[in-house]
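Below are the chains, spelled out letter by letter.
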Amino acid sequence: MTGPPPPPRAVLGVGSELELRATLQRVVDAAAELTGARYATLTTTGPGREDRTGVHTAGPSRAPHVPRGPGTWELPIDVDGEPFGRLHLAEKEGGGREFTTEDVRLLHVLAARAGLAIGNARRYEAARRRERWIEGAAAVTTALLTGGSAADALLTVAERARHLADAAAGVVLQRTADGGMEIVVAATAAETPADADAREGIADPGDAGDAGDAGNAGNAGDAGDAGDAGDAGEIVGATIRPGSPVLVQLLGGEPVFIDDSATDPRMTTHVRHRFGPSMMLPLQADGQLIGTLALPRRRGDLPYTEVEKLLAVQFASQAAVALVLADARHRRERLAVFEDRDRIARDLHDLVVQRLFATGMMLQAVRRGTTRETDRQVDETLGRAVDELESTIQEVRTAIFALQQPPAEAPTTLRGRVLRETAGAAALLGFQPSIRFTGPVESRIPERTAGHLLTALRRALAAASGRPDVSRIEVVIDATAALPDGRAGVRLTVHDDGSAGGTGDDGTTVTWQAPV
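Residues numbered from 1 in each chain as written. Predicted model: local features only at pLDDT ≥ 70, side-chain atom pairs only at ≥ 80, totals over all residues. Heavy atoms only, no water.

Peer 1: Help me understand the overall build of the protein chain in this model?
Peer 2: Counting secondary structure elements, the protein chain contains 13 helices and 14 strands. The buried share of the protein chain, taken over its 516 residues, is 41%. Partitioning the intrachain contacts of the protein chain with sequence separation of at least 6 by distance along the chain shows that 63% fall at a separation of at least 24. By element, 53% of the accessible surface of the protein chain is carried by carbon and sulfur atoms, the whole surface being about 27,000 Å². (Helix = DSSP H or I, 4+ residues; strand = E, 2+ residues; numbered from the N terminus. Buried < 20%, exposed > 50% of the residue type's maximum accessible area, 1.4 Å probe, protein only. Contact = heavy atoms within 4.5 Å. Areas by Shrake-Rupley, 256 points an atom, 1.4 Å probe, with all protein chains shown as cover.)

Dropping the structure here:
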């Protein structure tokens, strides 16, 4: 007995591709070759992103419109026991209008083979997709743990997630003071012509009765917005108002999935009309809500599949852990800087200041021992040396105080604010002014007087920076000064060695004082 004839080569070649789109095209081409049909179309209706609702055609110019009526044939294709799409054929060549029994048999063989090939291609693409998300999460973790600011870390998460999800934008929202949420970083990508062609080519625009129309959702008037997510700067700052149902879910650590951002009443941001399907995923680790990762697609794009939602949720969880670790690393580095500064400050105080003070005491002792007239010149020299040592000690103490200030934070003490003003002047002058504090400036000078003092200091430094030949500026703040009327006061003295209109070489001294 003879068995059934072997499948034609066209049928065997259906499973030779790994990519799903290429596999679908091979199915259509094989159907046209086996039956001699001039037109063949495969319309897929699966919900997955790899099963885009659309058409794959074969025939003259691969026209998307297949004739209907007599002389056509339609065959369902099932994948893993579920409907996947329908194969349409029309206009058999060779003079015959109707498809023969042999054509139908071959089509059934092709449909069975196609179901296996499509199932394998779907599994391959699903594995590739998982691999990309895993690699993306690992890349984000590596990037976050190798440095950068907090804003850069959030932008890294947003951009990588946008790319992996094939979204129009990736944004990160964080809580506001009033209990809402605000977009703090955004990453967008302008749609390329190829992207637009791919989206428009998904569905059959001329067949209103087909499921292909699902790919063209949206009004014609929104076509411009559907393809353009806009500039990232236009998105940053958009807020979700307190009390929004979406906000309640996000703050509770639950992801939110939206089919159409433009029409969903839960969406309240002013940029919602630009987007379609969206995922909003809490960035949460160890019970700490860092923010929310939102991945909106363009209007008209297909909704996210269950697999994509699961992968995105896992990515957000891993990204949140990486953000927490990066923040901990940043805090450790700051702590190391503080500890190093404290060590330097202690060394300066315990070694340098003490040695300078001991040297000054020795010089003062020598000075007191000079009683003869011939020792007057030595006495004056020793006096200048003692004064210089005292000034140096004050400058070292000022440096110690500056080392103890947290970097990149606005100082709250008077000493810190004075140092900030002189540091700003140093950027213009090219050198650091000398600063000396006398007395308990923090406890003795009230806040109102301190504000006036800082204003006077700012003006004096600005005037000194405008004078020619300035190479040294001395700033002295004396909280033990006495005013001419005998009241206790504070005195600010700013001296520079610049030329004051050719009036002399002694420089300029500005004095400001006020009662305390």
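Peer 1: Just to check I follow, could you spell out the pattern of salt bridges for this structure?
Peer 2: Pairs can form between side chains of opposite charge whenever their charged atoms are close. Counted under the stated rule, the structure contains 11 salt bridges. R487 is the salt-bridge partner of D485, the closest N and O atoms lying 2.8 Å from each other. (Salt bridge = Lys/Arg side-chain N within 4 Å of Asp/Glu carboxyl O.)

Peer 1: Just checking my understanding: could you explain the sheet that holds strand 12 (residues 473-482) for this structure?
Peer 2: Consider a sheet: its strands pair through backbone hydrogen bonds, and that pairing is either parallel or antiparallel. Pairing is mixed in the open sheet, where 4 strands are placed in the order 11-12-13-14. Edge positions in the sheet fall to strand 11 (434-438) and strand 14 (508-515), since each of these pairs with one other strand and no more. Pairwise comparison of adjacent strand axes, ignoring direction, gives a mean angle of 10° for this sheet. With 5 bridges joining them, strand 11 and strand 12 adopt parallel strand pairing. When the bridges of strand 12 are listed, T438 appears paired with D478. Strands in contact with helix 11 (residues 414-429) are strand 11 and strand 12; relative to strand 11, the strand with the most contacts, it is inclined by about 165°. Against the sheet, helix 13 (residues 447-465) makes contact with strand 12, strand 13 (488-496) and strand 14, and its axis sits at roughly 15° relative to strand 13, the strand it touches most. (Pairing = 2+ DSSP bridges. Axes fitted to C-alpha atoms, helices over the stretch in contact; angles between N-to-C directions.)

Peer 1: Honestly, helix 11 in this entry has me stumped. Any pointers?
Peer 2: Residues lying three or four places apart along an α-helix face the same way, a consequence of the helix completing one turn every 3.6 residues. Taking 1.5 Å of rise per residue, 16 residues should cover 22 Å, and helix 11 covers 22 Å from first to last C-alpha, within 8% of that figure. When we look at burial in helix 11, the residues that qualify are L414, G416, R417, V418, L419, E421, T422, A425, A426 and L429. Of the residues trailing helix 11, G430 is marked for its positive phi of about 90°. (Expected span 1.5 Å × (residues − 1).)

Peer 1: What is the right way to look at the nonpolar core in this model?
Peer 2: Generally speaking, a soluble globular protein has its nonpolar side chains buried in company with each other. Ranked by size, the top nonpolar core spans 32 residues in total, and within it L144, V157, L283, L293, L295, F315 and L323 carry the most contacts. Those elements giving two or more residues to this core turn out to be helix 3 (101-145), helix 4 (150-165), strand 6 (181-188), strand 9 (275-285), strand 10 (288-298) and helix 9 (306-368). Sort the elements by how many residues they give to this core and helix 9 lands first, with 9 residues. Apart from residues lying up to four places away in sequence, L323 is in contact with L144, A153, L154, V157, L283 and I290. Core analysis: the second largest hydrophobic core is formed by 27 residues, L20, L87, L110 and A117 among them. (Core = buried A, V, L, I, M, F, W, Y, C linked by side-chain atoms within 4.5 Å.)

Peer 1: Even after reading the chapter, I still don't get the confidence of the model for the protein chain, so can you show me in this structure?
Peer 2: Do not read the fine detail of predicted coordinates wherever pLDDT is low. The predicted model of the protein chain has a mean per-residue pLDDT of 74, with 75% of residues at 70 or higher. Across residues 60-64, where pLDDT falls below 50, the model places 9 contacts with residues more than four positions away in sequence or in other chains. (pLDDT = per-residue confidence, 0-100.)

Peer 1: Looking at this structure, how should I read helix 2 (residues 20-35)?
Peer 2: Compared with an ideal rise of 1.5 Å per residue, which puts 16 residues at 22 Å, helix 2 spans 23 Å between its outermost C-alpha atoms and is within 8% of the ideal. For helix 2, every residue scored as buried is listed here: L20, T23, L24, Q25, V27, V28, A30, A31, A32, L34 and T35. Positive phi shows up at G36, right after helix 2, with a value of about 75°.

Peer 1: What exactly am I supposed to notice about the pairing of strand 3 (residues 72-79) here?
Peer 2: Walk down a regular strand and you will see the side chains alternate between the two sheet faces. In terms of strand pairing, strand 3 meets strand 4 (residues 82-92) through 8 bridges, oriented antiparallel. Bridged to W73 within strand 4 is L89. Linking two consecutive strands that pair antiparallel, namely strand 3 and strand 4, is a turn of 2 residues; a positive phi of about 55° is found at D80 within it.

Peer 1: Explanation requested: the sheet that holds strand 5 (residues 169-175) in the structure shown.
Peer 2: A sheet is described by the order of its strands in space; here 6 strands give the open sequence 7-6-5-10-9-8, paired in antiparallel fashion. Both outer strands of the open sheet, strand 7 (239-240) and strand 8 (256-258), are each paired with one neighbouring strand and no more. Across 3 bridges, strand 5 lies against strand 10 in antiparallel orientation. When the sheet's bridge partners are listed, V171 is paired in strand 10 with A294.

Peer 1: Can you walk me through the packing of helix 2 against helix 3 in this structure?
Peer 2: How two helices pack is summed up by the angle between their axes together with the distance between the axes. Contact pair helix 2 / helix 3: the axes reach a minimum separation of 9 Å and the direction vectors enclose 170°. Comparing the axis directions of helix 2 and helix 3 gives the class roughly antiparallel. Contact with helix 2, carried on its side by L20, R21, T23, L24, V27, A30, A31, L34 and T35, involves D103, L106, L107, L110, A114, A117, I118, A121, R122 and E125 of helix 3 and no other residues of that element. Its residues placed into classes, the contact of helix 2 with helix 3 shows 13 nonpolar, 2 polar and 4 charged. (Parallel < 35°, antiparallel > 145°, perpendicular 65-115°, else oblique. Nonpolar A, V, L, I, M, F, W, Y, C, P; charged D, E, K, R; others polar.)

Peer 1: Help me understand a nonpolar patch on the surface, please; the structure alone is not making it clear to me.
Peer 2: A contiguous nonpolar patch, built from L145, V321 and L325 and spanning about 230 Å² of accessible area, is present on the exposed surface. Residue placement: L325 occurs in helix 9. Given a relative accessible area of 43%, L325 falls into the partly exposed group. (Patch = residues over 30% accessible without salt bridge, like charges linked within 9 Å, V, L, I, M, F, W, Y side chains within 5 Å.)

Peer 1: Just checking my understanding: could you explain the environment of T156 for this structure?
Peer 2: By secondary structure assignment, the location of T156 is in helix 4. Counting along the chain gives 16 residues from T156 to V140, while the straight-line C-alpha distance between them is 6.7 Å. When neighbours within four sequence positions are excluded, T156 is seen to be in contact with V140, A143 and L144.

Peer 1: Would you mind showing me how to read the pairing of strand 4 here?
Peer 2: Direction of pairing for strand 1 (residues 37-44) relative to strand 4: antiparallel, over a ladder of 7 bridges. Considered in strand 4, the bridge of T43 is made with R86.

Peer 1: Whenever I open this one, the packing of aromatic side chains confuses me. Can you help?
Peer 2: Think of a pair of aromatic rings as described by two things: how far the centres are apart, and how the planes are tilted against each other in angle. Applying the stated rule across the entire model yields 1 aromatic pair. Where W133 meets F315, the ring centres are 5.5 Å apart and the plane angle is 75°; that geometry is what we call edge-to-face. Residue W133 is located in helix 3, and its partner F315 is located in helix 9; the two are separated by 182 residues in the primary sequence. Looking at W133, the relative accessible area reads 5%, which means it is buried. When the ring centre of Y304 is taken as reference, the NZ or CZ atom of R297 above it lies at 3.7 Å. (Phe/Tyr/Trp six-rings, centres within 6.5 Å; stacked < 30°, edge-to-face > 60°. Lys NZ or Arg CZ within 6 Å of the ring centre and 35° of its normal.)

Peer 1: I keep staring at the packing of helix 11 against helix 13 and nothing clicks. Help me out?
Peer 2: The contact between helix 11 and helix 13 brings their axes to 10 Å, and the two run at 15°. Relative to helix 13, the element helix 11 is oriented roughly parallel. Between helix 11 and helix 13 the crossing geometry is right-handed. Residues L414, R417, V418, E421, T422, A425 and L429 of helix 11 touch helix 13, and the partners they reach there are E447, A450, L453, L454, L457, R458, L461 and S465. (Left-handed = near helix turned anticlockwise from the far one by under 90°.)

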